[in-house]
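Below are the chains, spelled out letter by letter.
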Amino acid sequence: AFMSPLISTFPSPLQSRTSVLRAVPNLRPATSLTMMAEVDEKELVKVFGRIAEKTLFGDGSAGACCHSGCDNCEWRYSFDVLQSARPKWIPCYSSNKFEDGREHIAKWSSLFGEGEAKLSKEEFASALAGLKFDMPLGPPGYLTAKQADLSEEAVSLVWEKLSRGKATVTMKQLSMRLRKMVSPGEDGVMWSDFLFSMLEEEEDALGDIEEAIVVN
């Protein structure tokens, strides 16, 4: 059957969650409920497809494994490098370097520019728009780069989530917030993780306290 290149709907179990969120009266002030309700999922795909990647570095020590399914092998289900035909992960790290010299610098780290310690919303929006879009794995349908112009609403929503309502975000803080989107031990944010996090109600101030302890 013919599939239109345009994404008109994103059928997902998360749609019911979206409906629930629209009815929630009390959210943290940093997050706009109206913004969350108005952002179409395909607009979030345009953001994800700019910072997701085809390569993800994991446990460097797993490179010594033959991955032949040997019993009792501690690396049986671990890989040093994961590869995908299309962008699949947003790395939770800004960079990851193995002892053998192999290094992966996350695409999103370029949002900060050379020598920039902090990122503002305006800088985030400008740098994000300059990144090349590739249709990622996960969302249904297909978008071309010409169909992937960013919407202000989607950029604002993603910024609010990554900045936790603050005026700026550091590279270390952004890395920590990406890690909060995935299960412990995971190194990359997939589409389902990203979408769920965008629709999820903000955590309380405890998250800010935990980050302050780590950063400081």
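Side note on the overall build of the protein chain
So, step 1. Each helix and strand counted, the protein chain has 8 helices and 8 strands in total.
So, step 2. Residue pairs at least 24 apart in sequence account for 73% of intrachain contacts in the protein chain once pairs closer than 6 positions are excluded.
So, step 3. Only carbon and sulfur atoms are counted for the fraction: they give 53% of the accessible area of the protein chain, which is about 11800 Å².

Observations concerning the packing of helix α5 (residues 152-163) against helix α7 (residues 191-199)
Each pair of packed helices gets described by two things: the angle between the helix axes and the distance between those axes.
So, step 1. Closest axis-to-axis distance for the α5/α7 pair is 10 Å, and the angle between their directions is 90 degrees. In this view, α5 runs roughly perpendicular relative to α7, as classed from their interaxial angle. Counting all contacts with α5, which are made through Leu 157, Val 158 and Lys 161, the residues of α7 involved are Phe 194, Ser 197 and Met 198.
So, step 2. Broken down by class, the residue content of the contact of α5 with α7 amounts to 4 nonpolar, 1 polar and 1 charged.

Here we look at the confidence of the model for the protein chain
Segments scoring low in pLDDT should not have their predicted coordinates read at a detailed level.
So, step 1. Of the residues in the protein chain, 66% have a pLDDT of 70 or more, and the chain-wide mean is 79.
So, step 2. Within the protein chain, no element has a lower average pLDDT than helix α1 (residues 14-23), which sits at 40, and none a higher one than strand β3 (residues 90-91), at 98.
So, step 3. Per-residue pLDDT stays below 50 along residues 1-32; that stretch engages in 55 contacts with residues further than four places along the chain or on separate chains.

Concerning the packing of aromatic side chains
The description of two aromatic rings rests on the distance between their centres and on the angle between their planes.
So, step 1. Inspection of the entire model under this criterion finds 6 aromatic pairs.
So, step 2. Taking 5.3 Å as the distance between ring centres and 45 degrees as the angle between the ring planes, the aromatic pair formed by Phe 48 and Phe 194 counts as tilted. Placement of the pair is Phe 48 in helix α3 (residues 41-51) and Phe 194 in helix α7, with a sequence separation of 146 residues.
So, step 3. Classification of Phe 194 as buried rests on a relative accessible area of 2%.

Quick notes on unusual backbone geometry
So, step 1. One non-glycine residue with positive phi stands out, namely Arg 164, at about 55 degrees.
So, step 2. As for its placement among the helices and strands, Arg 164 is situated in the loop between α5 and β7 (168-170).

Details of α5
The α-helix winds at 3.6 residues per turn, so residues separated by three or four positions along the chain end up facing the same way.
So, step 1. Helix length check: α5 (12 residues) gives 16 Å between terminal C-alpha atoms against 16 Å at 1.5 Å per residue, within 8%.
So, step 2. Counting buried residues in α5 gives 10 out of 12 residues, a clear majority hidden from the surface.
So, step 3. Listing the buried residues of α5 in full gives Ala 154, Val 155, Ser 156, Leu 157, Val 158, Trp 159, Glu 160, Lys 161, Leu 162 and Ser 163.
So, step 4. Looking at the residues trailing α5, positive phi occurs at Arg 164, about 55 degrees.

Parameters and conventions
Residues numbered from 1 in each chain as written. Predicted model: local features only at pLDDT ≥ 70, side-chain atom pairs only at ≥ 80, totals over all residues. Heavy atoms only, no water. Helix = DSSP H or I, 4+ residues; strand = E, 2+ residues; numbered from the N terminus. Contact = heavy atoms within 4.5 Å. Areas by Shrake-Rupley, 256 points an atom, 1.4 Å probe, with all protein chains shown as cover. Axes fitted to C-alpha atoms, helices over the stretch in contact; angles between N-to-C directions. Parallel < 35°, antiparallel > 145°, perpendicular 65-115°, else oblique. Nonpolar A, V, L, I, M, F, W, Y, C, P; charged D, E, K, R; others polar. pLDDT = per-residue confidence, 0-100. Phe/Tyr/Trp six-rings, centres within 6.5 Å; stacked < 30°, edge-to-face > 60°. Buried < 20%, exposed > 50% of the residue type's maximum accessible area, 1.4 Å probe, protein only. Expected span 1.5 Å × (residues − 1).

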